[in-house]
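The residues making up each chain are set out below.
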Amino acid sequence: MTQFSHLIFDLDGTLINSKLGINNSLDYMLSRMNVDVEGAAVVDSLIGPPIQDGLKNVLGFDAKQVELGVRLFREYYSQQGMYEGELYPGILEMLEELYQQGKKLYVATSKKDQFVGTVLRHFELDRYLIDTQGSGGGGLHTKAGLITALMDRNQLIPSADLVMIGDTRYDIVGGKANEISTIAVGYGFGDNEELKSLDPDYFVEEAEDLYELLV
């Protein structure tokens, strides 16, 4: 069991398995844009980074296509996709235990600000959290920037007692950039070998392992 006093969690792929809702939102977007994507691996690679980055870097969209793609993605996601997911095993119990222990819990996510609160309330996670930081406000887009904004607002000083927990390289790079501890989780949407190569302080394979590490 680790002794972190302040824990910052990523959301999609770390607390919530949101793959179904994200995939359905992507399918809706691609269908409306008449874009044919072959292979589930390509769609999977769009999950994790900010949607703008995925459309540009993975699908090669130009600026106008990215703008349209994001609008269509959010059109489906805001109505239905955000609810099409489930908590990973043991997550609710883990947060409850950490909360009872007096740990300070936060979320930093690349999900758009306007969706974060709704998703957290739907999955009954909001009761455990002191503060959250989503993307979009004040030009914040990188995970490092989101973590910095969250830390600054809550007057959190970089230390080994503060940890960023996430499933993609953005979480680990962002945590290191803010000089805090990092935990990579292997059950989400990231590439496990890439995560390990970034040398996080801890790596866990399953959600149950994260529970054991933290609680």
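Residues numbered from 1 in each chain as written. Predicted model: local features only at pLDDT ≥ 70, side-chain atom pairs only at ≥ 80, totals over all residues. Heavy atoms only, no water.

As recorded in an unreviewed UniProt entry, the protein chain goes by the name Phosphoglycolate phosphatase, listed as coming from Sunxiuqinia elliptica.

J.: Got a minute to help me understand the domain arrangement of the protein chain in this structure?
T.: When the parts come together, some accessible area is lost, and that loss is often what is quoted as the size of the interface. Each assigned domain of the protein chain is listed with its residue range as follows: domain 1 (6–17 + 86–214) and domain 2 (19–83). Placing a centre on the C-alpha atoms of domain 1 and another on those of domain 2 gives a separation of 23 Å. Residue-level contacts link 14 residues of domain 1 with eleven residues of domain 2. When domain 1 packs against domain 2, close to 1,200 Å² is buried across both sides, 68% of that on carbon and sulfur atoms. Among the residues of domain 1 in contact with domain 2, Phe115, Tyr170 and Phe189 are the three that bury the most area, contributing 42% of the side total. The interface formed by domain 1 and domain 2 includes zero salt bridges. The tally of links from domain 1 across to domain 2 stands at two residue pairs in polar contact (both at pLDDT 80 or more). Put simply, the parts of the chain that give the side of domain 1 that touches domain 2 at least two residues each are β4 (104–112) and α6 (113–122). With four residues, the top contributor of residues to the side of domain 1 that touches domain 2 is α6. (Domains from an automatic or database assignment. Contact = heavy atoms within 4.5 Å. Buried area = accessible area lost by both parts, 1.4 Å probe. Salt bridge = Lys/Arg side-chain N within 4 Å of Asp/Glu carboxyl O. Polar contact = N/O pair within 3.5 Å; in protein donor to acceptor, adjacent residues only side chain to side chain. Helix = DSSP H or I, 4+ residues; strand = E, 2+ residues; numbered from the N terminus.)

J.: How do you make sense of the nonpolar core when you look at a structure like this?
T.: Side chains that are nonpolar tend, in soluble globular proteins, to be buried together. Counting residues in hydrophobic clusters, the biggest one holds 49 residues, and the most contacted among them are Leu7, Phe9, Leu26, Ile165, Leu210 and Leu214. Looking at this core element by element, the count peaks at five residues for helix α4 (residues 63–79). Each of domain 1 (6–17 + 86–214) and domain 2 (19–83) accounts for three or more of the residues forming this core. Not counting residues within four places of it along the chain, the set of residues in contact with Leu26 comprises Val43, Leu46, Ile47, Ile51 and Phe73. In this structure, Ile8, Ala108, Met151 and Met164 belong to the second largest nonpolar core, which totals ten residues. (Core = buried A, V, L, I, M, F, W, Y, C linked by side-chain atoms within 4.5 Å. Buried < 20%, exposed > 50% of the residue type's maximum accessible area, 1.4 Å probe, protein only.)

J.: It is not clear to me how the sheet that holds β4 should be interpreted in this structure. Could you clarify?
T.: Consider a sheet: its strands pair through backbone hydrogen bonds, and that pairing is either parallel or antiparallel. If you walk across this open sheet you meet the six strands as β5-β4-β1-β6-β7-β8, and the pairing is parallel. Each of the sheet's edge strands pairs with one partner strand only, and the pair in question is β5 (131–135) and β8 (202–204). Within this sheet the neighbouring strands show an average axis-to-axis angle of 20°, counted without direction. Where strand β1 (residues 6–9) and β4 come together, four bridges link them in parallel fashion. Note that in β4 the partner of Phe9 across the bridge is Val107. Across the face of the sheet, α6 comes into contact with β4 and β5 while running at roughly 130° to β4. (Pairing = 2+ DSSP bridges. Axes fitted to C-alpha atoms, helices over the stretch in contact; angles between N-to-C directions.)

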